[in-house]
Amino acid sequence: METIDKTPDTDIIETTFPVTGMTCAGCSASVESMLQSQPGVEKAQVNFASMNATVTYYPQEITPEKMQKVIQSIGYDLLIEPSEADVEALEKQRIKDYATLKKRTIGALLLAVPVAVLGMSFHHPSPTLKWIELLLTLPVVFGFGWPFFKRAFAQARHGKANMDTLVALSTGIAFIFSAFNTIYPQYFESRGLDAPIYFEAAAVIVGFILLGKLLEERAKSKTSAALKKLMGLQPKTVKRLENGTETEIKIEEVLMGDILLIRPGEKIPVDGKVVQGESFLDESMLTGEPLPVSKTAGAAVFAGTLNQKGSLQIEARKVGGATVLAQIIKSVQHAQNSKPPVQQLTDKIAGIFVPVVIGIALLSFVVWMIFGGTSELSHALLAFVSVLIIACPCALGLATPTAIMVGVGKGAENGILIKDAESLENAYKMNALILDKTGTITKGKPELTDIKWNAKIADVSQLKSVLLSLEAASEHPLATAVVNSLKAENVPAVPVENFQSITGRGVKGNVNGKSYLIGNKKLLNENLILTDAELEKIALKLEAEAKTVLFFAENVQTVAVIAVADAIKDTSVTAFSELKNLGLEIYMLTGDNEATARAVSEQVGISHFKAGVMPADKGNFVQELQRKGKIVGMVGDGINDSEALARADVSIAMGKGTDIAMEVAQLTLMHSDLNHIPKAIKLSRATVRTIRQNLFWAFIYNVIGIPIAAGVLYPTYGFLLDPMIAGAAMALSSVSVVTNSLRLRTVKL
């Protein structure tokens, strides 16, 4: 249990509780409505994906224990004080439940297939075939499909109905009616009527609905992985220094003011400041910027960042939930548990559709019993069963999962992984797209972009060898970019003497009796190096392009200007052109400076950008656009993007980024090619259109068929729909839905 907020003056608490037992979006709606109706509950939001309930309540009016009892009364459970062991047990139970659902789905489909084949092959099956179908269908409906009945009964006790109700009624009535006609066919035959069976309808419904639920479970099974990985950035233990003695303690035992020892390769455990030592820290998991940051005495450090080179002693300034990393974890968790902007369309419709269908079926039965003449019972039963069977949710259950299956398959072929249907529906409506700069628009690592040599130098081969050798001795990441580029040219190294690394300036060394230096303008001035006027102009031009400029000098003369930058991806310009054609407003956010941000935005054609943006600012900017009524998409690749990804209506992670960004995101691009973003949007639009078309076809048969099944044509035309025809109409609706979904395979992205 996590208490998110407590306001003393009003004594109102907002708390997040894990919920167990939910199997569909309808379940979360039931839990939410029950919590919302309790005295003392100000607001309740239940997130089916994260299996959590966020409740704002007055503790003097209602306690978590009372809420737990209410939820238990409708077949679910609320974990009010889950320990770490409870959370682990809950995760294991979810894995076990998924495995059980998979077995039930496979078992139901294995038995439903032969029943369907027999039902479609023999219009007038023999008594023996009827008994075979009965025996095969019985375990499907009341074995593998029993949870539908169990949940429907629990809903009925509280006067509620959902998809489970419709599945239980349609399959239960179809099976009982068919079993009656198998055991006692004479009842209808003695009245000159057929005694039809609909075992195939009952079996196939259960099989396909279970398949849909399996797909749904698979889509949301990894929602908690992002938080686990975020939490994994913080080490479990840390080394504390006391009077020169090193002691290993748990991270929970660290107090403000403690001096902690951080060795190379270890993560910073808390927020603090360096009191001794020098090193480079990889802060990309927080800032998204690729260049490691130099840290010396007095510099601030943050939990979760990685120490690369030297050892550091830091003083703890913020511990536990006060660290930047902890705040990101909290923000992501709160965003994931908040109410999603779009609810499952099928459950919304089913909430109205189910009671209406049941009412029509009962009404038709009563009307026929009153006005049916000599065959009132036969006609009443036929009409009742026909209405329920033609209103069977098979097509409704297939509408979303079949389109999702084909759409997801099409996406996978194109390197686009889709987590759930909700993200597709939101992407369909998306009109604003936010992108992180580093690693998304740019390549995410420094590269040597330019070397401009002094025009007076005829042969630069020896100077390249000196440049390579000096930079190879440096630990700075900019030096690595220069070394990698020169090594690609097969430049040979030469021995360096008297090498010096000057923090914040550059490096110096001697080769063959000559002195050389590589660094910034300050290093040149401190060593009284002459600067070439032409090279000065080139340096200013490169700096205007937001590149980091280094000067290379021999003795007292500048021989070259070197530029290093995080290069823009080759595909960025074409991708943004395509995104604009799709009608999207594009925004670039970066933690970099204004000059760099402006230069990058001009090169790729983005008119909206913000520089100097911190992780929390990204999430706030998403909400700012949402308040303006925009459906916002967020593209990122780092932990620093995780809060914004969680808050966005559509979150897209670049596959070359961190696992955490990929876990938080709803869409993951397996390539760093930005052209996959417009492809993902085109795919989402095509898939959502298909889902909506499927839902239309799933219901049009009901709109036309239910009145006919109820007998409205009988007074005028003497036509009463045979349940067999109702079953055929149901099957036709399913076939049309599946066929329409398969059309997605031909969509061009």
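Reading guide: rules and limits
Residues numbered from 1 in each chain as written. Predicted model: local features only at pLDDT ≥ 70, side-chain atom pairs only at ≥ 80, totals over all residues. Heavy atoms only, no water. Salt bridge = Lys/Arg side-chain N within 4 Å of Asp/Glu carboxyl O. Buried < 20%, exposed > 50% of the residue type's maximum accessible area, 1.4 Å probe, protein only. Helix = DSSP H or I, 4+ residues; strand = E, 2+ residues; numbered from the N terminus. Pairing = 2+ DSSP bridges. Core = buried A, V, L, I, M, F, W, Y, C linked by side-chain atoms within 4.5 Å. Contact = heavy atoms within 4.5 Å. Axes fitted to C-alpha atoms, helices over the stretch in contact; angles between N-to-C directions. Parallel < 35°, antiparallel > 145°, perpendicular 65-115°, else oblique. Nonpolar A, V, L, I, M, F, W, Y, C, P; charged D, E, K, R; others polar. Patch = residues over 30% accessible without salt bridge, like charges linked within 9 Å, V, L, I, M, F, W, Y side chains within 5 Å. Areas by Shrake-Rupley, 256 points an atom, 1.4 Å probe, with all protein chains shown as cover. Expected span 1.5 Å × (residues − 1). Left-handed = near helix turned anticlockwise from the far one by under 90°.

What follows covers the pattern of salt bridges. Once their charged atoms are close, side chains differing in charge can pair, the charge on each being opposite to the other. On inspection of all chains with the given rule, the structure shows 17 salt bridges. Where Arg-240 meets Glu-242, a salt bridge forms, and the shortest distance between an N and an O atom there is 3.8 Å. The exposure class assigned to Glu-242 is partly exposed, which follows from its relative accessible area of 41%. When the shortest N-O distance is used, the salt bridge between Lys-521 and Glu-536 registers 2.9 Å. Placement of the pair is Lys-521 in helix H19 (residues 521-526) and Glu-536 in helix H20 (residues 533-544), with a sequence separation of 15 residues. Through salt bridges that share partners, Arg-240, Glu-242 and Asp-258 make up one connected network.

Another aspect to go through is the sheet that holds strand S11 (residues 293-295). If you trace the 3 strands from one edge of the open sheet to the other, you get S11-S10-S13, paired in antiparallel fashion. A single partner strand is all that each edge strand has here, and the edge strands are S11 and strand S13 (306-307). Bridge count for strand S10 (residues 279-282) against S11 is 3 bridges, and the pairing is antiparallel. Bridge pairing in S11 places Leu-281 opposite Val-293.

All right, on to the nonpolar core then. Of all hydrophobic cores here, the largest spans 45 residues; its most connected members are Val-357, Val-387 and Ile-706. With 9 residues, the single largest contributor to this core is helix H8 (residues 199-220). Once you skip the residues sitting within four places of it in the chain, Ile-706 turns out to touch Phe-353, Val-357, Ile-360, Val-387, Ile-390, Ala-391 and Tyr-701. The next biggest cluster of nonpolar side chains, apart from the first, holds 40 residues, and it includes Ala-427, Val-604, Leu-669 and Leu-674.

Right, let's talk about the packing of helix H4 (residues 127-144) against helix H5 (residues 146-157) for a bit. Where H4 contacts H5, the axes come no closer than 4 Å and their chain directions differ by 40 degrees. By the angle class used here, H4 and H5 are oblique. Across from Val-141, Phe-142, Gly-143 and Phe-144 in H4, the residues of H5 making contact are Trp-146, Pro-147 and Phe-149. Partitioning the contact of H4 with H5 into residue classes produces 6 nonpolar, 1 polar and no charged.

Residues Leu-363, Val-366, Val-367, Met-369, Ile-370 and Phe-371 make up a contiguous nonpolar surface patch of roughly 600 Å² in combined accessible area. Note that Val-367 resides in helix H12 (residues 345-371). Here Val-367 falls in the partly exposed class, since its relative accessible area comes to 37%.

This brings us to H5. In an α-helix there are 3.6 residues to a turn, and that puts residues three or four apart on one side. With 12 residues, H5 should reach 16 Å at 1.5 Å per residue; the first-to-last C-alpha distance of 17 Å fits that figure. Considered for burial, the residues of H5 that qualify are Pro-147, Phe-148, Phe-149, Arg-151, Ala-152, Ala-154 and Gln-155. Taken from the residues just after H5, Gly-159 is the one with a positive phi, measuring 70 degrees.

So, about the packing of helix H17 (residues 461-472) against helix H18 (residues 477-488). The N-to-C vectors of H17 and H18 enclose an angle of 140 degrees; their axes lie 9 Å apart at closest approach. Relative to H18, the element H17 lies oblique. Crossing of H17 over H18 shows left-handed handedness. Residues Lys-464, Leu-467, Leu-468, Glu-471 and Ala-472 of H17 form the contact with H18, whose own contacting residues are Ala-479, Val-482, Val-483, Leu-486 and Lys-487. Of the residues belonging to the contact of H17 with H18, the class tally is 7 nonpolar, no polar and 3 charged.

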